[in-house]
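# Coordinate inspection notes
The chain contents come next:
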Amino acid sequence: EYLEGYWVGKLQGTNIDCGTGGTITLARTTTPVFKEEMIPTIKVDTGEIRLRFYDNATIDGDSISVTVNGKTVLSHEKLSTKPITTMVRVSLETPMVEVVMIAENEGSIPPNTALLEIMAGEVYHRLFMSSTKEKSARVRFVYDKNLSRNTTAVNKDPRGLQSGIATAVVVN
């Protein structure tokens, strides 16, 4: 399937003609152009990372399992206003870990949504995660021992920790 047409135009923000124009042809692709979605990556300068999962919206019975580098660390945990906590370790030997939140169900209001609080030393982040039975949410942590020396300006959460907010994407 193709779409063809003729174009003319002016240089953006001016009345300058872009020339005589030309023909343009667009073709519809049958395969996705972007296969790999971006996965949030958080740099940390400490070896221990505390992860706390909460239900992000209405408490509707969402339950999750969590893997770290492919190993299950939480299984069939029901999300609520009380945190489900686990620890993750990064080091020079294992400088990157990938955390995957798997929807065991989607509660009564799909999709499965969670707020993930991350505490790594003095750094605090909140990620809003969403997953379905078909797709899981992911986040990566990368160890950077020089991070605190490279940080010039940070936000503080109410507890005085450095903070940031990101949204975890859903990938297969």
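Residues numbered from 1 in each chain as written. Predicted model: local features only at pLDDT ≥ 70, side-chain atom pairs only at ≥ 80, totals over all residues. Heavy atoms only, no water.

### Topic: the overall build of the protein chain
Looking only at helices and strands, the protein chain features one helix and 14 strands. By residue count, 35% of the 172 residues in the protein chain fall in the buried class. The long-range share in the protein chain, meaning contacts at least 24 apart out of those at least 6 apart in sequence, stands at 68%. Approximately 10800 Å² of the protein chain is accessible, and the part contributed by carbon and sulfur atoms is 53%. (Helix = DSSP H or I, 4+ residues; strand = E, 2+ residues; numbered from the N terminus. Buried < 20%, exposed > 50% of the residue type's maximum accessible area, 1.4 Å probe, protein only. Contact = heavy atoms within 4.5 Å. Areas by Shrake-Rupley, 256 points an atom, 1.4 Å probe, with all protein chains shown as cover.)

### Here's the deal with a nonpolar patch on the surface
A surface patch of nonpolar side chains, amounting to about 390 Å² of accessible area, comprises L3, W7, I24 and L26. Mapped by element, the contributors of at least two residues to the nonpolar patch are β1 (2-7) and β2 (22-27). With respect to the secondary-structure elements, L26 resides in strand β2. On the basis of relative accessible area, L26 is assigned to the partly exposed category, the value being 46%. (Patch = residues over 30% accessible without salt bridge, like charges linked within 9 Å, V, L, I, M, F, W, Y side chains within 5 Å. Salt bridge = Lys/Arg side-chain N within 4 Å of Asp/Glu carboxyl O.)

### Observations concerning unusual backbone geometry
Most peptide bonds adopt trans geometry, and most residues besides glycine take a negative phi value. Residues P110 and P111 are joined by a peptide bond in cis, for which omega reads -5°. With respect to the helices and strands, P111 occurs in the loop between β8 (96-103) and β9 (112-120). Here the phi dihedral of H76 falls at roughly 50°; this positive angle occurs in a residue that is not glycine. By the element assignment, H76 lies in strand β6 (residues 71-78).

### So, the side chain of E106
With respect to the helices, strands and loops of the structure, E106 is situated in the loop between β8 and β9. Here E106 is buried and forms no salt bridge, its nearest opposite-charge partner K133 lying at an N-O distance of 7.4 Å. If we skip the residues at most four places from it in the chain, E106 touches D60, D62, P111, N112, T132 and K133. (Lys, Arg positive; Asp, Glu negative; His and termini not counted.)

### Points about the nonpolar core
Ranked by size, the top nonpolar core spans 25 residues in total, and within it I49, L51, F53, V99 and F141 carry the most contacts. At the level of elements, β3 (41-44), β4 (48-55), β5 (63-68), β7 (84-89), β8, β9, β10 (123-131) and β11 (136-143) are the ones that each hand at least two residues to this core. A per-element tally of this core places β9 first, with four residues. Once you skip the residues sitting within four places of it in the chain, F53 turns out to touch I64, V66, L74, L79, K82, P83, I84, V99, M101, L115, L116 and M129. (Core = buried A, V, L, I, M, F, W, Y, C linked by side-chain atoms within 4.5 Å.)

### Let's talk about the pattern of salt bridges
Tallied over the full model, the rule gives four salt bridges. As a salt-bridge pair, E48 and R89 come within 2.9 Å of each other at their nearest N and O atoms. Here E48 is found in strand β4, whereas its partner R89 is found in strand β7, with 41 residues between them in sequence. Assessed through its relative accessible area of 55%, R89 is described here as exposed.

### Points about the pairing of β1
Counted residue by residue, β1 has zero buried out of six residues, so it is predominantly exposed. When β1 meets β2, the two strands line up antiparallel, connected through six bridges. Looking at β2, one finds that E4 is bridged to T25. (Pairing = 2+ DSSP bridges.)

### Some details on the environment of L127
With respect to the element layout, L127 can be found in strand β10. Residues L127 and L115, spaced twelve residues apart in sequence, show a C-alpha to C-alpha distance of 5.8 Å.

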